[in-house]
Amino acid sequence: MIILDFNGIAIGNVITQKLEIQEDMIRHMILNSIRMYNKKFRNEYGQMVIACDSSSWRKDYFPNYKFKRKSGREESTLDWNEIFRIINMVREEIEQNIPWKVIKVDNAEADDIIGAITIESQEFGKNEPIMIVSADKDFIQLHKYSNVRQYSPMTKKFIEDKNPLTYITEHVFKGDSSDGVPNVLSPDNTFVDGIRQSPVTKKKIADWIENIDNLENYMDAEVYRNYCRNKKMIDLHEMPSDLKDTIINTYENTKAASKLKVLNYLIKKRCKLLIESVEEFY
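Residues numbered from 1 in each chain as written. Predicted model: local features only at pLDDT ≥ 70, side-chain atom pairs only at ≥ 80, totals over all residues. Heavy atoms only, no water.

## Notes on the nonpolar core
Then comes step 1: In this structure, Ile3, Ile117, Leu142, Phe173, Trp208 and Ile247 are the most contacted members of the largest nonpolar core, which totals 41 residues.
Then comes step 2: Elements with a contribution of two residues or more to this core: β2 (48–51), α6 (110–120), β4 (130–133), α7 (164–174), α8 (202–210), α10 (221–234) and α11 (241–253).
Then comes step 3: By residue number, the principal contributor to this core is α6, which donates 6 residues.
Then comes step 4: Residues contacting Trp208, with those up to four places away along its chain left out, are Phe173, Val184, Leu185, Val200, Leu215, Tyr218, Met219 and Val223.
Then comes step 5: In terms of nonpolar packing, the next biggest core, distinct from the first, is built from 37 residues, Phe6, Phe41, Tyr45 and Val262 among them. (Core = buried A, V, L, I, M, F, W, Y, C linked by side-chain atoms within 4.5 Å. Buried < 20%, exposed > 50% of the residue type's maximum accessible area, 1.4 Å probe, protein only. Helix = DSSP H or I, 4+ residues; strand = E, 2+ residues; numbered from the N terminus. Contact = heavy atoms within 4.5 Å.)

Structure (structure tokens):
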């Protein structure tokens, strides 16, 4: 299957294409982008699955999660309320009119949906090929599975890493500043209060990796506590089991819209350039 990070694609189009905040323009760019990836990968990977963001369980576990995103948008000149209104509207239109599975689950981010479906694909008898369409390098951790590849809409290249297990381990140690997650040597409020992070050196990382099976005893208590914080935030295998089950049940019980609806939808929304490529939505 093809699993696409919907918000990543949609917001990426608005920002990189510097689109005017108009419904018709944003709708066309979102649909055209997904159509292109469907055409590019459908023969080898099959069904298109649209993974959508909802509010995240991570904010309950770690309140500072992604706090910068909100402040950054408040300072932006873009009308983000209108952008998200249009993006959500287009998502609903896709769900109702195009034969792609649209998956949105309360308290789950698109990352969780992509992670849960990919992990579930390892169950006996499944193991179907999966193409993740997202620029997010957090998904490198899923490359450890032989049936998984990733394509970046940003660079138009495949994302590859020879050592995905090493990548995710180092990522947990280093944290993720874009998501407001400090490194393991720094406290929860590092980014909120503008505290300088304590440096995580290559030597420290090498020592931790060498003792990865005994970190609780090898690390100071506070550092190990921060390690557990980061692992929970970053490692997709750490999502709550009940949430993973809900995602899989939602995926398995979701039916894509009929192919018969696509043409009428494109005509109704005056997507003239896309009508000529209607079969590429199947």
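## So, the sheet that holds β4
Then comes step 1: Here 6 strands make up an open sheet; going across it, the order is β3-β2-β1-β4-β5-β6 and the pairing mixed. Both outer strands of the open sheet, β3 (101–103) and β6 (157–158), are each paired with one neighbouring strand and no more.
Then comes step 2: As defined by bridge partners, strand β1 (residues 2–5) adjoins β4 across 3 bridges and the pair is classed as parallel. Residue pairing in the sheet places Ile3 in a bridge with Ile132 of β4.
Then comes step 3: In the packing of helix α1 (residues 6–16) onto the sheet, the strands contacted are β1, β2 and β4, and the crossing angle to β1 comes to about 50°.
Then comes step 4: Where α6 meets the sheet, its contacts fall on β1, β2, β3, β4 and β5 (148–152), and the angle it forms with β1 comes to roughly 165°. (Pairing = 2+ DSSP bridges. Axes fitted to C-alpha atoms, helices over the stretch in contact; angles between N-to-C directions.)

## Thoughts on the packing of α1 against helix α2 (residues 23–45)
Then comes step 1: Relative to each other, α1 and α2 sit at 125°, their axes nearing to 9 Å. Comparing their axes, α2 and α1 come out oblique. The way α1 lies across α2 gives a crossing that is right-handed. In contact with Phe6, Ile9, Ala10, Asn13 and Val14 of α1, α2 contributes Ile26, Met29, Ile30, Ser33, Ile34 and Tyr37.
Then comes step 2: The class makeup of the residues in the contact of α1 with α2 is 9 nonpolar, 2 polar and no charged. (Parallel < 35°, antiparallel > 145°, perpendicular 65-115°, else oblique. Left-handed = near helix turned anticlockwise from the far one by under 90°. Nonpolar A, V, L, I, M, F, W, Y, C, P; charged D, E, K, R; others polar.)

## Comments concerning the environment of Asn81
Then comes step 1: Mapped onto the elements of the fold, Asn81 is located in helix α5 (residues 80–97).
Then comes step 2: Taking relative accessible area as the criterion, Asn81 reaches 68% and is therefore assigned exposed.
Then comes step 3: In this structure, the C-alpha to C-alpha distance between Asn81 and Ala257, residues 176 residues apart in sequence, is 28 Å.

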